[in-house]
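Structural characterization, general
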Amino acid sequence: MLDLKMIRQNPEAVKSGIKKKGRDPKLIDNILVLDKEYRELLVNVEELKSLKNKASDEIAKSPKDQRQKLIDTMQDVTKKEKNLEEKMKKVKEELDAMMIELPNPPLESVPEGKNENENKVIKTVGEKPSFDFKPLDHMALGERLNLIDIENASKTSGTRFYYLKNEAVLLEFALVQFVIGKLIKKGFSPIIPPVLVQEKAMFGTGFFPADRNEIYHVNPRSETNPDGDDLFLVGTAEVPLCMLHYDSILANEKLPLRYAGFSTCFRREAGSYGKDTKGILRVHQFDKIEMFSFCDPKKSEKEHELILSLEEEIMKELGFHYQVVLICGGDLGAPAAKKYDIEVWLPGQQRYRELTSCSNCTDFQARRSNIRYKTAKGNEILHTLNGTACAIGRTLIAILENYQNKDGTVTVPEVLRSYVGKEKIN
RNA sequence: GGAGAGGUGGCUGAGCGGUCGAAAGCGGCGGUCUUGAAAACCGCUGUCCCGCUUGCGGGACCGUGGGUUCGAAUCCCACCCUCUCCGCCA
């Protein structure tokens with residue numbers, strides 16, 4: 001959500017911002033018209049309310065036998081006020097609906113561009129590993145080493161599910177230990193959040209209304225099911241981590257507050273029929289460790305670089321060759337003002353694939369979720385940032401494909417060996 | 001799943017149709033006292049919105065949304081949440 005006052009004061013800047021995201025700048029004009037209408041109605045309604053408040057006082061103070069006359073005249077005023085108020089409410093609803101659809105304008109440093117093809121590679125680290133044999137993809141390796149079972153998962157749950165087995169499970173636990181341990185050392189508090197959330201959590205983080213299609217709705221309430229739970233499965237721990245400070249005011253000295261949340265993530269992948277159908281790259285359920293930071297608005301750009309650097313550190317320690325991609329305006333989601341992806345080279349597929357992603361959401365989520373911090377001037381909306389510390393499924397893919405040997409075995413990355421308890425998977 | 005209790009300011013908690021933005025206590029800020037600190041005493045101390053604008057005026061907020069009423073923290077309805085007991089289960 002954007003600040004309406006800011007839109008009033010600086011409509012042109014907001015227009016060019018949402019244009020960069022590929023949205024129609026006329027939206028802003030429409031909003032300003034409604035806003036003006038709303039405020040005019042508000043003044044009228046409040047005048048009538050003021051009148052009512054005064055009259056109520058008088059009625060209370062006047063002797064009983066004189067009350068009825070005053071009450072009669074006030075009945076009319078109340079009727080009038082209710083009518084006006086209803087009109088005002090409708091305008092406000094329309095205005096709110098438009099406001100909640102507005103995306104966060106990108107920062108200056110975000111490149112123009114319509115879609116992912118115009119994202120900018122800003123950094124490449126390491127080199128493509130060379131093999132003296134034809135490297136297999138992760139599915140071939142996973143089946144051969146009895147680590148991934150998609151066939152039985154499809155019997156159980158349908159497409160885009162998988163069983164993780166044997167050393168794949170050990171690798172997952174190793175990654176969790178390794179990454180969480182590292183983040184704790186960097187000052188992050190480890191969290192295991194709830195993954196079923198209420199609708200307001202989805203709105204507060206900006207996933208609704210934009211990405212409603214992507215989210216599983218659990219036991220929806222309806223006429224035929226009035227006792228439904230009406231909960232939603234999170235697609236990322238970002239949602240419940242943000243909710244940790246929903247509707248609250250944080251002490252300035254406590255910022256930045258940094259959390260590392262481990263959770264299972266659920267995604268419908270509704271818009272991606274036929275895309276990445278092989279293997280476990282794009283699945284309905286996976287585990288992920290997510291970083292989340294609540295910070296001072298003046299420091300959020302620096303915080304963003306810090307989160308990116310932590311992601312890079314993990315990539316480097318795992319020995320991956322990767323590139324850092326700066327996402328262009330048209331490819332940014334609604335909440336993000338700026339986003340970096342890290343894409344790791346997958347030898348089995350002969351291409352780079354996204355393993356992590358970190359976003360600066362500036363005040364967008366914080367305003368929707370009403371998260372503020374104390375300043376000398378009063379309470380102000382703070383900034384929120386999030387970043388993938390480790391998407392475990394995709395990291396498994398990268399490990400299998402990059403650490404494979406000619407004989408079909410996979411070497412365990414050095415930093416994980418003490419957790420896995422072996423050097424090689426065979 | 002069954003039976004209850006309850007959600008009030010940063011916190012504890014009173015109020016249960018008008019004089020209530022709301023007692024009291026704690027905490028916080030400022031002052032007096034003190035060499036300094038503590039104690040004691042005195043004063044101040046919520047958020048949001050709108051209008052004219054150094055200031056002032058108005059409105060809203062007692063879990064959320066409706067309703068009754070001239071008037072609702074207080075009465076009615078729905079929803080959300082918390083707690084206790086019993087049952088069931090990891």
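All of the points below concern the structure found in this document. Remember, it's a predicted structure, so these values are computed and weren't measured experimentally.

With that out of the way, let us pick up the protein's contact with RNA strand B. In the vicinity of RNA strand B lie 23 residues, with Arg-39, Ile-59, Gln-75, Gln-198 and Arg-221 positioned nearest. When the atoms of RNA strand B within 4 Å of the protein are sorted by group, sugar and phosphate make up 75%. In the environment of RNA strand B, a phosphate oxygen lies 3.2 Å from a nitrogen or oxygen atom belonging to the side chain of Arg-8. Separating a phosphate oxygen of RNA strand B from a side-chain N or O atom of Arg-39 is a distance of 2.8 Å. With 11 residues, the single largest contributor to the surface near RNA strand B is helix H3 (residues 26–61).

Below, the discussion takes up the packing of aromatic side chains. All chains considered together, the criterion is met by six aromatic pairs. A ring pair is formed by Phe-203 and Phe-208, whose centres lie 5.7 Å apart and whose planes are at 85°; its orientation type is edge-to-face. A relative accessible area of 25% places Phe-203 in the partly exposed class. Across the ring face of Trp-345, the terminal group of Lys-128 is positioned such that the distance to the ring centre comes to 4.3 Å. Lying across the ring of Phe-208, Arg-212 places its NZ or CZ 4.4 Å from the centre.

The contact between helix H7 (residues 167–185) and helix H10 (residues 300–317) brings their axes to 12 Å, and the two run at 140°. Considering their axes alone, H7 and H10 lie oblique with respect to each other. Here H7 runs over H10; the crossing is right-handed. Note on element contacts: H10 touches H7 through Leu-310, Glu-313, Ile-314 and Glu-317, opposite Phe-178, Val-179, Lys-182 and Leu-183. Within the contact of H7 with H10, the residues separate by chemical class into five nonpolar, no polar and three charged.

Quick look at the packing of H3 against helix H4 (residues 64–101) now. Contact pair H3 / H4: the axes reach a minimum separation of 8 Å and the direction vectors enclose 160°. Considered as vectors, H3 and H4 are oriented roughly antiparallel to each other. Like other packed secondary-structure pairs, H3 and H4 cross with a definite hand, here left-handed.

Before going further, it helps to examine the layout of surface pockets. What the second largest pocket holds in volume is close to 320 Å³. Along its surface, the second largest pocket is lined by 15 residues, and Ala-13, Gly-17, Pro-105, Pro-106 and Leu-107 are the ones closest to its centre. By residue number, the principal contributor to the lining of the second largest pocket is helix H2 (residues 11–20), which donates five residues. A per-class count over the lining of the second largest pocket returns seven nonpolar, four polar and four charged. Residue contributions to the lining of the second largest pocket reach at least three from each of two domains, namely domain 1 (4–101) and domain 2 (116–425).

Analysis parameters
Residues numbered from 1 in each chain as written. Chains lettered and ligands numbered in written order. Predicted model: local features only at pLDDT ≥ 70, side-chain atom pairs only at ≥ 80, totals over all residues. Heavy atoms only, no water. Near = heavy atom within 4 Å. Polar contact = N/O pair within 3.5 Å; in protein donor to acceptor, adjacent residues only side chain to side chain. Helix = DSSP H or I, 4+ residues; strand = E, 2+ residues; numbered from the N terminus. Phe/Tyr/Trp six-rings, centres within 6.5 Å; stacked < 30°, edge-to-face > 60°. Buried < 20%, exposed > 50% of the residue type's maximum accessible area, 1.4 Å probe, protein only. Lys NZ or Arg CZ within 6 Å of the ring centre and 35° of its normal. Axes fitted to C-alpha atoms, helices over the stretch in contact; angles between N-to-C directions. Parallel < 35°, antiparallel > 145°, perpendicular 65-115°, else oblique. Left-handed = near helix turned anticlockwise from the far one by under 90°. Contact = heavy atoms within 4.5 Å. Nonpolar A, V, L, I, M, F, W, Y, C, P; charged D, E, K, R; others polar. 1 Å grid on protein atoms, 1.4 Å probe; cavity = no way out; pocket = protein on both sides within 12 Å on 5 of 7 lines; lining within 4 Å. Points joined across faces, edges and corners; volume = space filled by probe spheres on them. Domains from an automatic or database assignment.

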